[in-house]
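Given next are the chains, with one letter for each unit.
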Amino acid sequence: MPAVLLRPHAQLGLDRSQIPSLAIHSQIIDELLAEVSEIVDPANHVKQLWHELKEEKELNPVKDNKHVIKEPWLDENTLPSCLEKMRRDDLEIVLLGTGSSQPSKYWNVSSIYINFFSKGSLLFDCGEGTLGQLKRRYGIDSANDTVRNLKSVWISHIHADHHTDLPRVLALRCDLLRGVPHEPLLVIGPRQLKGFLDAYRRLEDLDMQFLDCRSTTEASWNASDHEFESNKDQSASGSALSLHINNKRLQDNNGSFFARGSQMQSFWQRPGSPIDNSAAYPILERLKKMLLESGLEALISFPVVHCPQAYGIALKAAERVNSIEKVIPGWKIGYSGDTRPFAELREACRGATVLIHEATFEDGLVEEAIAKNHSTTKEAIEMGNSAGAYRIILTHFSQRDPKIPILTIHTCIAFDMMSINIADLPLLPKVLTYLKLLFRGHFCNFSF
Ligand SMILES: [Zn+2]
Ligand SMILES: [Zn+2]
C-alpha cells in the first residue's frame, strides 16, 4: 500500500518505493522451483495425466450408465454419463475465496465463479475481496469482461464473508455497461440482502433486480411453472406450504443440529413466514430464460441450518443430445453455503456431479461446529458420500488455525484460485498427491 509521508518539496506525492514491481509468470515459477525443487518431476507427471486421459477417452468411450451410479468413485474408470464429451469451454468452476469469517494471508472469503465461457457466468457468494480475486485470476482487463458477462449473482446468507463485495461488483458492472443496452443484473439472495442493497442504492446506482431465495425453492419453481402454464392468478400458497414443510421437518429433527437454547433453535421453532410469489413471477421467468440461454435447466435454492434465511443451491444443466441422438443427462453442481449437515441437504444435492461443501472445522471440533452451525471435514465428506456425489470439494476453512484435512480418493480441498474444468473432473483424485507437495511448508499444522 502506498504511504503518505512528509517529504522534501522536490519529491512531493505518494511514496511508491515500497510497492513491489509486477511479477511476471516465469519469475513466479522460478521462485516456486527454488523453494520446492522436488516439484519438477511431479509437474511433468501432471502434464502426462492429461495426455493419458485423452488416450483413455479415445480407447474407452463412456459406458451408458444413465441409471444412477451410487458410488462411482469405487471404480475410478467409470465416468458419469453427464460428463460424456464435455468440452473445455462448457464449464469451469473457480474457487475465488475458500476461507471463512475474514480474509487472511492464504484464504480470501467465500466466492465461487461459475464460468460458462461464451454463455455467460454466475457468482455463488461474493465476500469481501471478490473483485480483487477476479483481477488476480484473470488480469484487470479480463476481470472487467467477467463482470460484464455475469448473468446473475446468488448469495447464500447475510453473513459478511459471503456478500460484502457485491455492491463493488454491481457498481463496476454499472460503469462498464454505461451507454450499452443491457438488463439489470439479477441478484438472488436472502430477504435481508435486499435491505442492504436498497440502502446502498441510495448512494450509488447498482443496476440490479432482486429475487428472494424463497422464490427459487423447488416448490416455488414448480408453482411458477404451473402459473405460467395455467395462466391463473394463483397466490403463492404452494411455495408458502413448502417453506412451512421445510421448516417443520427441520423442527422435527433439530435436536442434533443446534446447541441447546441457541438462537437458531428458537428460530427454527417459529413457523415459516409465507411469501407472495406472484410479484416474483416475472423475475423468475427472466431467470428461467437466462438459464436456458446458458444451457441450464434449474437453479434451486434450499434452506440450510446456519442462520435465519440461509440457503444452499443446486444448479442443474439441461440434457444434451449427442451425434447418435442419445440423450445425455445434465450435470449438477451442489453448494452447501454455511450449514450443519442434515437430511434435506443430502436430498437437494443427491447425485451431484460436484458437491462444494463447507468444512469450517477440523474433526476434533464437532461441538464447536454444532454451536456455530458449521460442518466438520468428516461431516462434509460423509454428506458427499451419502448424497452419491461424484466429486466433493471442501471449502470455507477456519482462518484461525489453517490445516489441510486428510483427503479421500474422491474429495479435494479447495484453495484460492483453484480452477476446475469440468472436462478434468475424472483427473481430480490423481492430482491430489501433487497438491500435497505444493502446499508443503505453507501451513504450520499438517494432517497428511
Ligand atoms: Zn461463512
Ligand atoms: Zn455464515
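Presented here is an overview of the structure given in this document. Fair warning: this is a prediction, and the values are worked out from it, not measured in the lab.

## Some points on the pattern of salt bridges
Summed over the entire model, instances satisfying the criterion amount to 18 salt bridges. Of the charged contacts in the structure, one is a salt bridge between Lys 326 and Glu 84, with a shortest N-O distance of 3.2 Å. In this pair, Lys 326 is assigned in the loop between strand 9 (320-321) and strand 10 (327-328) and Glu 84 in the loop between helix 2 (40-59) and strand 1 (92-97), connecting sequence segments 242 residues apart. Under the relative-accessibility criterion, Lys 326 is labelled partly exposed at 23%. A salt bridge links Asp 175 to Arg 178, with the shortest nitrogen-to-oxygen separation between them at 2.6 Å.

## Thoughts on the packing of helix 3 (residues 130-138) against helix 4 (residues 140-148)
Helix 4 packs onto helix 3 with a crossing angle of 125 degrees between their chain directions and a minimal axis gap of 7 Å. Looking at the two axes, helix 3 sits oblique to helix 4. The element helix 3 and its partner helix 4 pack so that their crossing is right-handed. Where helix 3 abuts helix 4, its residues Leu 131, Leu 134, Lys 135 and Tyr 138 lie against Ile 140, Ser 142, Ala 143, Thr 146 and Val 147. Residue composition of the contact of helix 3 with helix 4, grouped by class: 6 nonpolar, 2 polar and 1 charged.

## Considering the sheet that holds strand 13 (residues 391-395)
The strand order across the open sheet formed by 6 strands is 7-8-11-12-13-15, and the pairing between neighbours is mixed. On the outer flanks of this sheet lie strand 7 (296-303) and strand 15 (411-413), each paired with one strand and no other. Across the sheet, the mean angle from the axis of one strand to that of its neighbour is 15 degrees, orientation sign disregarded. Relative to strand 8 (residues 311-317), strand 7 runs antiparallel, the two being bridged by 7 bridges. Bridging from a neighbouring strand, Pro 303 pairs with Tyr 311 of strand 8.

## Looking at the packing of aromatic side chains
The description of an aromatic ring pair uses the distance of the two centres, along with the angle that the planes make with each other. With the rule as written, the count across this model stands at 7 aromatic pairs. With a centroid separation of 5.7 Å and 70 degrees between ring planes, the pair formed by Tyr 113 and Tyr 138 is classed as edge-to-face. One end of the pair, Tyr 113, is in strand 2 (residues 111-115); the other, Tyr 138, is in helix 3, with 25 residues separating them in the sequence. An aromatic cluster of three or more residues is present, and its members are Phe 124, Trp 154 and Tyr 335. Sitting over the ring of Tyr 138, Arg 137 keeps its end group 4.6 Å from the ring centre. One Lys or Arg, Arg 391, reaches over the ring of Tyr 390 and ends 3.9 Å from the middle of that ring.

## Focus on the coordination of the zinc ion (ligand 1)
For the zinc ion (ligand 1), every protein donor is listed as Asp 161 (OD), His 162 (NE2), Asp 338 (OD) and His 396 (NE2), and the spread of their distances is 2.1 to 2.2 Å. Each of the 4 donor atoms bound to the zinc ion (ligand 1) contributes to angles spanning 89 to 167 degrees, and the resulting shape is irregular. Taken as a pair, the zinc ion (ligand 1) and the zinc ion (ligand 2) show a spacing of 3.4 Å, with Asp 338 coordinating each metal. Here Asp 338 lies in the loop between strand 11 (332-335) and helix 12 (343-348) and His 162 lies in helix 5 (residues 160-163), a separation of 176 residues in the sequence. Like Asp 338, His 162 is buried.

## Describing the coordination of the zinc ion (ligand 2)
Four donors placed tetrahedrally around a metal ideally meet at 109.5 degrees, and six donors placed octahedrally ideally meet at 90 or 180 degrees. Distances from the zinc ion (ligand 2) to its protein donors, His 157 (NE2), His 159 (ND1), His 306 (NE2) and Asp 338 (OD), fall within 2.1 to 2.4 Å. Because the angles between the 4 donor atoms bound to the zinc ion (ligand 2) fall within 90 to 170 degrees, the donor set is best described as irregular. Mapping the donors of the zinc ion (ligand 2) onto the primary sequence yields the spacing H-x1-H-x146-H-x31-D.

About the criteria used
- Residues numbered from 1 in each chain as written.
- Chains lettered and ligands numbered in written order.
- Predicted model: local features only at pLDDT ≥ 70, side-chain atom pairs only at ≥ 80, totals over all residues.
- Heavy atoms only, no water.
- Salt bridge = Lys/Arg side-chain N within 4 Å of Asp/Glu carboxyl O.
- Helix = DSSP H or I, 4+ residues; strand = E, 2+ residues; numbered from the N terminus.
- Buried < 20%, exposed > 50% of the residue type's maximum accessible area, 1.4 Å probe, protein only.
- Axes fitted to C-alpha atoms, helices over the stretch in contact; angles between N-to-C directions.
- Parallel < 35°, antiparallel > 145°, perpendicular 65-115°, else oblique.
- Left-handed = near helix turned anticlockwise from the far one by under 90°.
- Contact = heavy atoms within 4.5 Å.
- Nonpolar A, V, L, I, M, F, W, Y, C, P; charged D, E, K, R; others polar.
- Pairing = 2+ DSSP bridges.
- Phe/Tyr/Trp six-rings, centres within 6.5 Å; stacked < 30°, edge-to-face > 60°.
- Lys NZ or Arg CZ within 6 Å of the ring centre and 35° of its normal.
- Donors = N, O, S within 2.8 Å, 3.2 Å for Na, K, Ca; no water.
- Tetrahedral: all angles 85-135°; square planar, octahedral: opposite > 155°, others 65-115°.

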